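Here's the letter readout for the chains.
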Amino acid sequence: MLIQNYEEYQKAYEASVQDPEGFWAEIAANNFEWKKPWTKVLDWNFKEPKIQWFVGGKLNITENCLDRHVRDKPHQPAIIWEPNDPGEDSITLTYRQLFDRVCSFANVLKRNGVKKGDRVCIYMPMIPELAIATLACARIGAIHSVVFGGFSASSIADRINDSQCVAVITTDGAVRGNKSIPMKDTVDDALIGCPTVKKVIVATRTRTPVSMIKGRDVWWEEEVKFVNSDCPAEEMDSEDPLFILYTSGSTGKPKGVVHTCGGYMVYTAYTFMNVFQYKPGMIHFCTADIGWITGHSYIVYGPLACGAISLMFEGVPTYPDAGRFWEIVEKHRVNILYTAPTAIRSLMGFGTEYVEGKDLSSLKILGSVGEPINEEAWHWYSKNIGKDNCPVVDTWWQTETGGILISALAGITPLKPAWASLPLPGVQMLLVDENGKEITGGNVSGNLCIKFPWPATIRTTWGDHERCRTNYFAAYPNLYFTGDGAMRDENGFYRITGRVDDVLNVSGHRIGTAEVENAINMHTGVVESAVVGYPHDIKGQGIYAYVICESHANDLELTRKDILATVSRVIGPIAKPDKIQFVSGLPKTRSGKIMRRILRKIAEGETANLGDTSTLLDPNVVEEIKNGAQQMR
Ligand code: PRX
């Protein structure tokens, strides 16, 4: 499975295009354990869409992530956990220990009535129990829906109701940096509106007092006393859903992206091994949260399917100080560090004093994910962290793609700072113009599409297949449209320029402008709002909100704070606007459509050339907004 040099990459790529079925069948057959072989490698059309890999194949992903490694290397660490507080002990779970804990917790789920096919919401901080809970669901064939620990009660409730979860797994509280977060309280608030949830399993983390509802709420630690660790893996169809993960799109409602057992397993393991050139014994530290796709694919499933050592970190990069990542690298002798440009830019701002004196000599490979990495950050990362001795792989992908699609293979394919570079084997990218016509050649730019399925392609959006079609497969016939724009150079390297739809990327988090607008509009006194992104030095993009208030709102400073509180409560603190500008009107066309292009330019500070404003209902409003924006600077 491991590509060892550039020539092999070229050969693999060629083979994957000539005969995709043969290419993936060989990888799937030779590197994984199947309970029953598939009858057909691939069945697909992008029209419906219908995408099925390893059709008829039976497996359980946890047997591939756990059982086989327990046989081969029971005492090798599977997960190393580093707590928020550096004074607390870290925890190592060997494959044997992880296996036992997953199996006992799987029995706890069964004991609490969770069955194959049921949806289970997991709302937890980055503690080992989070990985255990996801794997335990997979063990019994329950579909997990992990909700990032920073989301609000109302976001949790929306997600639970959309997929009708029967159980929630959470903790009493959480600690992140110097903040303590009341997880169970938030779940309790969410559950007021979630009739399908019958059980809440609470793991202890902070010993904060919580209310435990009789008949519904049980303690993790108590429940495991009633079960043993013998839990045979449920036989799953290759195309049975493994998990749902909600992500933002251009409408106000997050979509439940569905990934299935077989293809997702093969693809995450293959990409993990090749992009990071993983060799046995290496320690891989992905700084993402398991609440996002990066954590699903490159903390849990990809690494464990490869029998790797995966380090998970509970805290934040700046606690207790801006040297925390480097301390962790030194302490655990990390070999692969996979983080986000926003973290790099933020740590860069603290200077090199926090890096100096730390022994980073164990590092071999650096990775970046989540948003475009600017050249300055790329070079800082490469020089100060990699000591100019570690390839930096810029990995482009999405929740919907399940795994990395465009990236260098560390040390194997050439690097080009700020360019994600070449598509991985099996990935057939193309650029198209507005009309869907392919743009060929080098030094061109266009909308980034894919013409053939890869094993971890999104299968559907939970409960609404049509939404999956219209979102990804309808813009251009027979193509998957990523929503991103990109450039391609004369060597076929890609550079992602960012979203071309109404989706923002704030500190690597995907947020829909419509979602933020809906939240702002819920605030009493707000008449209308329009949200756009603007370049932000650290976050990549910041959130800029133009808000029209009712005329009697005279204490605008207080209203501003109230709006922030409302957004926090409706979505979560990550969606709070960085800037709010109060306006008396919005630039609209005669048909009532908001001209976001103009608002974006004003937010970016580019007011000189706003383009044609003659079609606006009231062109004067633009002058007012421009002046207001200047005053805010
Ligand atoms: O715009 C691209 C950006 O993040 C989007 C996907 O977000 P999400 O589904 O939350 O997944 C993030 C982690 C995979 C993409 O549409 N993006 C992701 N990685 C990169 C990137 N943009 C530029 N370069 C990247 N390496």
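Up top is the structure.
Fair warning: this is a prediction, and the values are worked out from it, not measured in the lab.

> Residues and numbers for the site of the ligand, please.
What surrounds the ligand is a group of 17 residues, the closest being D394, T395, T399, D484 and R510. Taking E371, its main chain carries an N or O atom lying 3.3 Å from a nitrogen atom of the ligand. Separating a nitrogen atom of the ligand from a backbone N or O atom of T395 is a distance of 2.7 Å. Put simply, the parts of the chain that give the shell around the ligand at least two residues each are α10 (293-305), β20 (392-395) and β26 (494-499).

> Pulling in residues and values, what's your account of the packing of helix α17 (residues 596-604) against helix α18 (residues 620-632)?
Here α17 crosses α18 at 25°, and the two axes come no closer than 9 Å. Put simply, α17 runs roughly parallel to α18. In the crossing of α17 with α18, the sense of the turn from one axis to the other is right-handed. Residues I598, L599 and I602 of α17 form the contact with α18, whose own contacting residues are V622, I625, K626 and A629. The class makeup of the residues in the contact of α17 with α18 is six nonpolar, no polar and one charged.

> Lay out the sheet that holds strand β4 (residues 77-82) in plain terms, naming residues and giving numbers.
Pairing in this open sheet of seven strands is mixed, and the strands run β5-β4-β17-β16-β18-β19-β20 from one edge to the other. Each end of this open sheet is capped by a strand with a single partner; those strands are β5 (91-94) and β20. The sheet shows a mean angle of 20° between the axes of neighbouring strands, taken without regard to direction. Bridge count for strand β19 (residues 365-369) against β20 is four bridges, and the pairing is parallel. Residue G367 lies in a different strand from β20, and its bridge partner there is V393.

> Could you give an account of the nonpolar core, naming the residues involved and the relevant values?
In terms of nonpolar packing, the biggest core is built from 157 residues, with L98, F105, F276, Y301 and I385 touching the most fellow members. With ten residues, the single largest contributor to this core is helix α9 (residues 261-275). Apart from residues no more than four positions distant in its own chain, I385 is found in contact with W326, L337, V355, L360, L363, L366 and W380. Ranked by size, the runner-up nonpolar core spans 40 residues in total, among them Y123, F148, V531 and A575.

> Can you explain the state of the cysteines? Please cite residues and give values.
In total, this model carries zero disulfides according to the counting rule given. As a non-bridged cysteine, C137 has C165 as the owner of its nearest cysteine sulfur, 9.5 Å distant. Accessibility expressed as a relative area gives 0% for C137, which makes it buried. With no disulfide of its own, C468 lies closest to C449 among cysteine sulfurs, the gap being 15 Å. C468 gets classed as buried once you look at its relative accessible area, which sits at 0%.

Rules used throughout
- Residues numbered from 1 in each chain as written.
- Predicted model: local features only at pLDDT ≥ 70, side-chain atom pairs only at ≥ 80, totals over all residues.
- Heavy atoms only, no water.
- Near = heavy atom within 4 Å.
- Polar contact = N/O pair within 3.5 Å; in protein donor to acceptor, adjacent residues only side chain to side chain.
- Helix = DSSP H or I, 4+ residues; strand = E, 2+ residues; numbered from the N terminus.
- Axes fitted to C-alpha atoms, helices over the stretch in contact; angles between N-to-C directions.
- Parallel < 35°, antiparallel > 145°, perpendicular 65-115°, else oblique.
- Left-handed = near helix turned anticlockwise from the far one by under 90°.
- Contact = heavy atoms within 4.5 Å.
- Nonpolar A, V, L, I, M, F, W, Y, C, P; charged D, E, K, R; others polar.
- Pairing = 2+ DSSP bridges.
- Core = buried A, V, L, I, M, F, W, Y, C linked by side-chain atoms within 4.5 Å.
- Buried < 20%, exposed > 50% of the residue type's maximum accessible area, 1.4 Å probe, protein only.
- Disulfide = S-S within 2.5 Å.

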